[in-house]
Amino acid sequence: MAAARGENDDIPALEEELEKLNLACATTEDDAPTEDKVDDDAVDFGKTGEPQLWGFETRELYKLALGFYKEKKGKAVHISYEDKLKLVAFIQQVTHGKCTAENAPPLGVLDVIGKDRRLAWQNLGDITKEQAMEGFIVLLDKLCPLFRTVAEAQKRDFEEKERLKKEEEARKLEEERKLKELEEERKKREEERLKEETQRRQIQDALNQQTYHQFKMYAEQQYPGNPEQQGVLIRQLQEQHYHQYMQQLHQNQLDQSEEEEEKKKKKKKNSDGNIEEETSLSKDDDNNKDASNTNDEDSDDLEDWPPITPAEMWTRKGVEEFKRTIWREAPDAVIRVGHGETVTVRVPTHEDGTCLFWEFVTDSYDIGFGVYFEWSKPDTNQVSVHISESEDEDDEDEEYEPRNDLESGPMNNNARPERRTTTPPISVIVPVYRRDSQDEIYGGSHQYPGEGVYLLKFDNSYSLWRSKRLYYRVYYTRQGQGFTNNNNN
């Protein structure tokens, strides 16, 4: 018994260690750690304000530790007599509080174990129940490391249950929300149905009032002296008249919608046709100005332009393969055409070429396309790209020449300028129309009419919000040879 009491002298030291542990967790002071103290034993406070160990509330972890100790005692846990006394003392302190004569059980004369337990309990002094719980947990973890593994497994199981619980609650809330939406939709449909039914009855009542006397006269002629048959016939006639009236009303609405759609299509065609019209007017204006300026130094160089042969146009499948080919072979031929913009690809005629070919596709949406020919001597064989904010080219450069006053003659050195355009004539080969180039490859060819520059116009001016991605390829045929790619010329 003396040896046991000697071992019990370690209890005050353990008590002092626990007090240091609680003091370090309850305050921000940085005391020197003891040898038995580890970071995982630090106590914090959760959202509820309760002290926590290893992520558990102390009371919950103590219950788990106590159950583990009772279940595994003598099996997976082999503890010395002295350590058992310490654990039992902590349990008594948690259950009864400080050891006093009132709450201590009576001891027999020969109850040596009871006396040892009483002494160990008394050595705990005035520590609180929470401190006793923490002491029990810390000592059990020190004596049996398996307990921490079990506690962490219990924690993971608890967290998984909490997660599943939250998911179930979220699922129920989502189901309730969907049911509420369905109920609201059903109520809305029911209200619309009642509204339609009310309107139908109102219309039918109004029609019946208008046609009652007419139908009554007809029924009297058909069934004279038989009011019952007359009533049946009147109701049938009124029902037929109502259905005919509604069919006519529906047909009128369809006709109106078709007229509006037709107006929109005409407006769209007119907007597309303006490109050709404005280009033709520009050409006529240029020709008229050139003809009117008889004293122009360039008037001797004017010549009659040869007629333009029609272009050949076709479509084919393989849009995605065409896009991949352009990305791989000529990535510069992938252009973004912004909303409200028109991209003009200038392709000069080649001295060795006889015919120009073109192919293009777009991503997801259609685009306007047309081909023009500029009667000018190209300075280079390079293909260039020009972007403007509308379907027409930017305002052409203009120059002014001095002109004398024909009536009064030159009065001073400040002559009044005369406007003279320097833009070469342009012929329309293919008018600009919208093409469904997102579904098929649009291609075409045209025989060189002479020396000049082809203008391939990709028009997105009708789109107010959406930009288009364009993939194109141009090439020409050499005399007596095959095709030559012109994208990178």
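An unreviewed UniProt entry lists the protein chain under the name Golgi resident protein GCP60, with Dinoponera quadriceps given as the organism.

Looking now at the environment of Pro310. Its location among the elements puts Pro310 in the loop between α8 (227-292) and β4 (312-316). Taking the relative accessible area as the measure of exposure, Pro310 reaches 71% and is therefore exposed.

Attention shifts here to the nonpolar core. In this structure, Tyr454, Leu456, Phe458 and Tyr472 are the most contacted members of the largest nonpolar core, which totals 34 residues. Top element by residues in this core is strand β15 (residues 468-478). It accounts for five residues.

One way to put it is that helix α3 (residues 58-72) packs onto helix α6 (residues 129-143) with a least axis distance of 9 Å and a crossing angle of 45°. Between α3 and α6, the angle falls in the class oblique. Our pair here, α3 against α6, has a crossing hand that is left-handed. The segment α3 lies against α6, with Thr58, Arg59, Leu61, Tyr62, Ala65, Leu66, Phe68 and Tyr69 engaging Glu130, Met133, Glu134, Phe136, Ile137 and Leu140.

This part takes up the confidence of the model for the protein chain. Counting all residues, the mean pLDDT for the protein chain is 76, and 72% of those residues have values of 70 or more. Scored below 50 in pLDDT, residues 1-15 shows 25 contacts in the model against residues more than four places distant or in partner chains. Note on residues 17-49: pLDDT under 50 across the span, and 41 contacts to partners over four residues away in sequence or across chains.

Note: most residues except glycine have negative phi, and most peptide bonds are trans. At Ser364, a residue that is not glycine, the phi angle is positive and equals roughly 75°. With respect to the secondary-structure elements, Ser364 resides in the loop between β7 (353-362) and β8 (367-374).

A separate point is the packing of aromatic side chains. Under the counting rule described, the total for this entry stands at 14 aromatic pairs. Measuring from ring centre to ring centre gives 5.5 Å for Tyr62 and Phe136, while their planes differ by 75°; the resulting arrangement is edge-to-face. Here Tyr62, found in helix α3, pairs with Phe136, found in helix α6; they are 74 residues apart in sequence, far enough to count as distant. There is no split in this pair, since Tyr62 and Phe136 are both buried. An aromatic cluster is present here, built from Trp358, Phe360, Phe369, Tyr442, Phe458 and Tyr472 joined pairwise through their rings. Directly above the aromatic system of Tyr372 lies the positively charged group of Lys457, at a separation of 5.7 Å from the ring centroid. It is Arg466 that lies over the ring of Tyr365; its NZ or CZ is 4.0 Å from the centre.

Scoring rules and cut-offs
For every chain, the first residue of the written sequence is number 1, and numbering continues from 1 onward in sequence order. Residue-level local features of this predicted model are given only where pLDDT is at least 70; pairs of side-chain atoms are given and counted only at 80 or more, and the full residue set underlies all totals for whole chains, interfaces and linings. Side-chain measures here rest on the full set of heavy atoms in the structure, leaving out hydrogens and waters. Put simply, DSSP marks the helices as runs of H or I at least four residues long and the strands as runs of E at least two long, and each gets a number from the N terminus on. For each residue, the accessible area found with a 1.4 Å probe, counting protein chains only, is set against the maximum for its type, and the residue is called buried under 20%, exposed over 50%, and partly exposed in between. Working definition of a nonpolar core: buried Ala, Val, Leu, Ile, Met, Phe, Trp, Tyr and Cys residues. They are joined through side-chain atoms within 4.5 Å. Interaxial angle, 0 to 180 degrees, is taken between N-to-C directions of lines fitted to C-alpha atoms, where a helix line uses only the stretch in contact. The cut-offs work like this: below 35 degrees is roughly parallel, past 145 is roughly antiparallel, 65 to 115 is roughly perpendicular, and the gaps in between are oblique. Left-handed describes a crossing whose near helix is turned anticlockwise from the far helix by less than a right angle; the clockwise case is right-handed. A contact between two residues is defined here by any heavy atoms of the two lying within 4.5 Å. A score from 0 to 100, pLDDT tells how confident the predictor is in each residue. Centre distance within 6.5 Å is the pairing criterion for rings of Phe, Tyr and Trp, where only the six-membered ring of Trp is used; planes under 30 degrees apart are then read as stacked, over 60 as edge-to-face, and the remainder as tilted. Lysine and arginine charges are scored as sitting over a ring when NZ or CZ, respectively, is within 6 Å of the ring centre and within 35 degrees of the ring normal.

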